[in-house]
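# Residue-level structure breakdown
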Protein chains: 2
Amino acid sequence: MLTSSALNTLFGAELELKAELFQKTGSFKVRGLLYKTLRLTAEERDRGVITVSAGNAAGALAWAARDAGVPATVVMAKTAVPAKVAAARSYGAQVELVEGDLIAAYEAIRDDRKLTGVHPFDDLDVITGHGTLGLELIEERPDVGTVLVPVGGGGLISGVALAVKLLNPGIRVIGIEPETADVVSRSLEAGAPQKLPTAKSIADGLAAPVCGTHNFGIIQQYVDQVVRVSENALLDATRLVMSRTKLALEPAAAAPFAALLEGKIQLTGPTAAIISGGNLDVAKVF
Amino acid sequence: MLTSSALNTLFGAELELKAELFQKTGSFKVRGLLYKTLRLTAEERDRGVITVSAGNAAGALAWAARDAGVPATVVMAKTAVPAKVAAARSYGAQVELVEGDLIAAYEAIRDDRKLTGVHPFDDLDVITGHGTLGLELIEERPDVGTVLVPVGGGGLISGVALAVKLLNPGIRVIGIEPETADVVSRSLEAGAPQKLPTAKSIADGLAAPVCGTHNFGIIQQYVDQVVRVSENALLDATRLVMSRTKLALEPAAAAPFAALLEGKIQLTGPTAAIISGGNLDVAKVF
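Below is a summary of the structure that appears in this document. On a predicted model such as this, the values are computed, not experimentally measured, just so you know. (Residues numbered from 1 in each chain as written. Chains lettered and ligands numbered in written order. Predicted model: local features only at pLDDT ≥ 70, side-chain atom pairs only at ≥ 80, totals over all residues. Heavy atoms only, no water.)

### Quick notes on the sheet that holds strand β4 (residues 94-98) of chain A
Residue and element names in this part refer to chain A.
- Pairing within the open sheet is parallel, and its four strands lie in the order β4-β3-β2-β5. One side of each edge strand has no neighbouring strand; the edge strands of this open sheet are β4 and β5 (116-117).
- Inspection of the sheet shows strand β3 (residues 72-77) paired to β4 by five bridges, in the parallel sense. From the neighbouring strand, A77 faces β4, where its bridge partner is V98.
- In the packing of helix α5 (residues 82-90) onto the sheet, contacts are made with β3 and β4, and the angle to β4 comes to roughly 150°.
- Strands β2 (49-52), β3, β4 and β5 of the sheet are contacted by helix α6 (residues 102-112), whose axis makes an angle of about 170° with β2. (Pairing = 2+ DSSP bridges. Helix = DSSP H or I, 4+ residues; strand = E, 2+ residues; numbered from the N terminus. Contact = heavy atoms within 4.5 Å. Axes fitted to C-alpha atoms, helices over the stretch in contact; angles between N-to-C directions.)

What follows is the structure, given as structure tokens:
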């Protein structure tokens, strides 16, 4: 947890920055995927695991699987951030770069090679693992009034909301997702998990085209609000937060600050902002 | 102090990263300039202070002076990193942007306006303030074998070397400076402080054209070795360290890693690398 007096002054807030970019593999994803890997049966491990990911879940599963001696395959888009592809390879995963429908490709490879599928967010063990972030946060700052969480397919926010609300239902949990990849907002509006034909954002880590079923139920029950932010605000927030905090955060991680820049959130009391990861393609942001 | 298993593996080292980029004003400079400001007489304070700087000393003096209620003027090059100019202004300093000989401009403005001159590095109080970094380092890791220090005009390394060597003469202190701004190496070779006609580097914070007189004496006595690194190595090291550690460091701060990339340093035992600052012009590095 870090603080920045410059950001506090700018936003008139008392921000606590949960610096998940310093996690192994550079994002929070390792929390859930490590826990999932540890929960696999011997038979599931022997078959080897596979996931599909914009990048951070790929790196995290690759790292966790290597640690556990489990072969890992990861399905990523050909347009993924090169550093995320390189990271997954460096942890020993077999990387399958595909075009078009990532999830269809993931399911096809999983079934064809009889691998153990690990959904990057729609999985109760993954959600539980991410919940540790919420536990740590409340342990360190029990007085926190609001928690701001970047939202892709709903993995992080469902874990964090579950942990936080079960400990203290008075704490507000607010999700932030890109306008151009707003599947969770649309799902909440529709009352059921939706699927987008395409989802693209400078915040590649948030560009999930689906909201998980498990995630949806938890979000519906425990999350107070999900707001949308523009691509410009995501870019501006990334540059702003990097220059003020010296944290090399990825655009997904800047989503809470994008919402503050756009005046989308009313803050009361100490506010935790989750800086979800730091695997960025710097040339795309500057 | 942070660690990075990726960097340790890459360099076959046990590195302790002293993350000075998280200091107020984004660099170690605030240590020395705050101490200097606190040591001024009432009459010196009343006159107001002036310094000359590539940028980080300017921001640091501006911040320390504001804190102490002292008016500050800072002389910077027209080519200074815009974020560094903006920072000095945001702390309330009067910024004088000049072309040509910065030090001559500084001396002229100082004498003309009867300001209290604060040399950014050739000053015993500034050196003493920087020495606190060495004290902290040895307090936290008394087993450190080598300390790697970015070198500009010699301010940081003279303070750190003094503190470290007085506590434990067995610890090696190694300085790293750009090939294109190697005034300290040249001074050591000549046996007296030298002045360069020009000094330019991607590591703007290290491009001092002079080696301080006080600094020179301390470096000659207490620093084991000063090595030169190429501009390419500084750039590569900045990108490498940012991608592996998620620290948004400036090129000056990457100097220790540039030296490791170029194989200029033999490491033994735990090694502290000072990440001196994080005020970077990202577009110039990526």
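### What about the packing of helix α2 (residues 29-39) of chain A against helix α7 (residues 124-140) of chain A?
Residues and elements named next belong to chain A.
- Interaxial distance between α2 and α7 falls to 7 Å at its minimum, and their mutual angle equals 130°. It follows that α2 is oblique to α7 by the angle criterion. With respect to the hand of their crossing, α2 and α7 are arranged in right-handed fashion. Along its contact with α2, which presents K29, R31, G32, L33, Y35, K36 and R39, the element α7 presents D125, V126, T128, G129, H130, T132, L133 and E136.
- When its residues are assigned to classes, the contact of α2 with α7 shows four nonpolar, five polar and six charged. (Parallel < 35°, antiparallel > 145°, perpendicular 65-115°, else oblique. Left-handed = near helix turned anticlockwise from the far one by under 90°. Nonpolar A, V, L, I, M, F, W, Y, C, P; charged D, E, K, R; others polar.)

### Side note on the interface of chain B and chain A
- Chain B puts 15 residues into the contact, and the matching count from chain A is 15 residues.
- At the boundary of chain B with chain A, total buried surface from both sides reaches about 1200 Å², with 69% on carbon and sulfur atoms.
- Run the count over chain B and chain A and you get zero salt bridges.
- Applying the counting rule to chain B against chain A returns eight residue pairs in polar contact (both at pLDDT 80 or more).
- Among the secondary structure elements, those contributing two or more residues to the side of chain B that touches chain A are α11 (231-245) and α13 (282-285) of chain B.
- When the residues that make up the side of chain B that touches chain A are grouped by side-chain class, the tally is eight nonpolar, five polar and two charged. (Buried area = accessible area lost by both parts, 1.4 Å probe. Salt bridge = Lys/Arg side-chain N within 4 Å of Asp/Glu carboxyl O. Polar contact = N/O pair within 3.5 Å; in protein donor to acceptor, adjacent residues only side chain to side chain.)

### Description of the nonpolar core
- Within the largest apolar cluster, 78 residues are counted, with the highest numbers of intra-cluster contacts made by F257 and I275 of chain A together with F257 and I275 of chain B.
- Setting aside chain neighbours within four positions, we find F257 of chain B in contact with L7, F11, L15, L17, A237, V241, A273 and I275 of chain B. (Core = buried A, V, L, I, M, F, W, Y, C linked by side-chain atoms within 4.5 Å. Buried < 20%, exposed > 50% of the residue type's maximum accessible area, 1.4 Å probe, protein only.)

### Section: unusual backbone geometry
- Even without glycine at this site, K114 of chain A takes up a positive phi of about 55°.
- Tracing the backbone through its elements, the reader meets K114 of chain A in the loop between α6 and β5.

### Comments concerning the sheet that holds strand β4 (residues 94-98) of chain B
All names here are of chain B.
- On the basis of which strands lie adjacent, the open sheet formed by four strands has the order β4-β3-β2-β5 and parallel pairing. Lying at the two open borders of the sheet, with one neighbouring strand each, are β4 and β5 (116-117).
- Across four bridges, strand β2 (residues 49-52) lies against strand β3 (residues 72-77) in parallel orientation. What sits directly across from V52, in β3, is V75.
- Contacting β2 and β3, helix α4 (residues 56-68) runs over the sheet at an angle of about 165° to β2.
- Sheet strands touched by helix α5 (residues 82-90): β3 and β4. Its angle to β4, the strand with the most contacts, is close to 150°.

It is worth stressing that arrangement in space is one thing and function is another; only the former is reported here.
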